Amino acid sequence: MTTTATEDRGFRPGPGADGAAPGLGLTRRLRRLRRSPALRALVRETRLSTDSLVLPLFVLAGEGVRREVPSMPGVCQLSVDEAVREATAARDDGVRAVLLFGLPEAKDAEGSAAADPEAPVQRAIRALKRAAPDVLVVTDVCLCEYTSHGHCGIVRGNDILNDATVEHLARAAVSHAEAGADVVAPSDMMDGRVGAIREALDEGGFEDVAIMAYAAKYCSAYYGPFRDAADSTPAFGDRRTHQMDPANVEEALREVALDLEEGADVVMVKPALHYLDVISRVKQEFGYPTAAYHVSGEYAMLKAAARNGWIDEERAMMEALTAIARAGADILITYYARDAARVLAR
């Protein structure tokens, strides 16, 4: 007996018009597993968890300060006490990790406040470890928030000096570790900075402090709202000399390989939604813990569309985060962390 192509896919010819039971003769009905919420949940392939969520926080000087970022509804610049309050509330929602960015009181061309033990990030680390020692504290290590020109490194003329910048970054990372950070996350994309930071941490006795490297950070148009929040818009030029070309993926794999060789414990792809293919390649190629940053522009687009009534924000949020996890991300850094945790708790 021959088998047709349709039969091979699960179709068997139905009965004729002789009064027999009607039907298409399908033996494989994929819709069977979609008929109820419980059944759909039972066979779900990608499962989000609050354990994978990291909440970014923007910390500044002062007390009782909670200043909303206009381009990022729901996201605020926070004084240290308010940052502790926000992190504690996030923990109660189920989000047990935060990523700290600092807004110093004064900036200079060298970004010297990045390593100041009394700068907002260092103060926030100490305060968080006192108030909520079970919260994992990750710190952004970059100079863009601290330099008067807004670039990620030391500038001479029109050039960002790689090696001089790396020295400053290593000092900043050590100052975060001294304050009690669990993980440092260099986001500058300078060559060799992971190795230099690992060496400086080890020499300082901080062998247990992990490095989450922004390994594949693209020169993206989706960082605009973040630069409002962190007050880090470049005063001139752009960041194409160190952030990656959005057209490249093989280069991303080389960047990840180098960061792992230099001692990175976790690698990150940023942005997330527009680089799902990169996340997938990185996870498949290396198998290391992989983070993805659902960035400010991606967040702001969903917020704007929802405010205009064009999308269901909650569904769009969960769909976006599920897509990032489905691509291979183990760690999701997102401004939606608390919102997503509340949905997952239902």
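This write-up is about the structure you can find in this document. (Residues numbered from 1 in each chain as written. Predicted model: local features only at pLDDT ≥ 70, side-chain atom pairs only at ≥ 80, totals over all residues. Heavy atoms only, no water.)

What about the overall build of the chain?
Rules: Numbering of helices and strands starts at the N terminus; helices are DSSP runs of H or I of at least 4 residues and strands are runs of E of at least 2. The cut-offs for exposure are 20% and 50% of the maximum accessible area for each residue type, with area from a 1.4 Å probe on protein chains only; residues under the lower value are buried, those over the upper are exposed, and the others partly exposed. Whether two residues are in contact is decided by their heavy atoms, any of which lying within 4.5 Å being enough. Only the protein chains shown count as covering a residue, and every accessible area follows the Shrake-Rupley method with a 1.4 Å probe.
If you tally the helices and strands in the chain, you get 12 helices and 12 strands. For the chain, with 346 residues in total, the buried portion stands at 51%. Of all intrachain contacts in the chain linking residues separated by at least 6 positions in sequence, the fraction that spans at least 24 positions is 71%. For the chain, the accessible area works out to roughly 16400 Å², and carbon and sulfur atoms hold 49% of it.

A word on the side chain of Lys303
What counts here: In the analysis that follows, any N or O atom pair within 3.5 Å is treated as a polar contact, provided that within protein one partner can donate a hydrogen and the other can accept it, and provided that, for residues neighboring in sequence, both atoms belong to side chains.
Inspection of the secondary structure assignment puts Lys303 in helix H10 (residues 296–307). For Lys303, a relative accessible area of 14% translates into the label buried. A polar side-chain atom of Lys303 sits 3.0 Å from a polar atom in the side chain of Glu313. Not counting chain neighbours up to four residues away, the residues in contact with Lys303 comprise Pro73, Glu313 and Tyr336.

Digging into the packing of aromatic side chains
For the record, the criterion: Each Phe, Tyr or Trp ring, with Trp reduced to its six-membered ring, pairs with another whose centre is within 6.5 Å; inter-plane angles below 30 degrees give stacked pairs, above 60 give edge-to-face pairs, and intermediate values give tilted ones. Charge over a ring is defined by NZ of Lys or CZ of Arg lying within 6 Å of the ring centre and within 35 degrees of the ring normal.
Going through the model one piece at a time under the given rule, you end up with 7 aromatic pairs. An angle of 45° between the planes, with centres 6.0 Å apart, marks the rings of Tyr293 and Tyr335 as tilted. Of this pair, Tyr293 sits in strand E11 (residues 290–294) while Tyr335 sits in the loop between strand E12 (331–334) and helix H12 (337–344), placing them 42 residues apart in sequence. The same class applies to Tyr293 and to Tyr335, which are both buried. Lying across the ring of Tyr293, Lys270 places its NZ or CZ 4.5 Å from the centre.

Details of the layout of surface pockets
What counts, and what does not: As defined here, a cavity is a set of points on a 1 Å grid over the protein atoms alone where a 1.4 Å probe fits but cannot get out. A pocket is an open set with protein on both sides within 12 Å along at least five of seven lines, and residues line them when an atom is within 4 Å of a point. Grid points are joined across faces, edges and corners, and a volume is the space filled by probe spheres set on the points. Each residue gets one of three labels, nonpolar for Ala, Val, Leu, Ile, Met, Phe, Trp, Tyr, Cys and Pro, charged for Asp, Glu, Lys and Arg, and polar for the others, Gly among them.
Reported here for the largest pocket is a volume of approximately 640 Å³. Counting residues per element, the ones that place at least two in the lining of the largest pocket are helix H2 (37–42) and helix H11 (313–327). The element that contributes the greatest number of residues to the lining of the largest pocket is H11, accounting for 5 residues. Among the residues making up the lining of the largest pocket, the classes are represented as 6 nonpolar, 2 polar and 8 charged. Taken together, 16 residues make up the lining of the second largest pocket; nearest its centre are Leu55, Gly74, Val75, Glu86 and Tyr335. Its residues assigned to classes, the lining of the second largest pocket comprises 9 nonpolar, 1 polar and 6 charged.

Quick word on helix H4 (residues 120–131)
Here is the rule we go by: An expected span of 1.5 Å times one less than the residue number is assigned to each helix.
Look at H4: 16 Å from first C-alpha to last across 12 residues, which is about the 16 Å you get at 1.5 Å a residue. Of all the residues in H4, the buried ones are Pro120, Val121, Gln122, Ala124, Ile125, Ala127 and Leu128. Against strand E1 (53–60), helix H3 (80–93), strand E4 (97–103), strand E5 (136–141) and helix H5 (162–179) lie the buried residues of H4.

Some words on unusual backbone geometry
Cis geometry marks the peptide bond from Lys270 to Pro271, where omega comes out at 0°. If you trace the backbone, Pro271 turns up in the loop between strand E10 (266–270) and helix H9 (276–286). Phi angles above zero are rare outside glycine, and Met189 is one such case at about 70°. By the secondary structure assignment, Met189 is in the loop between strand E8 (183–186) and helix H6 (193–203). Note on Met189: relative accessible area 4%, which makes it buried.

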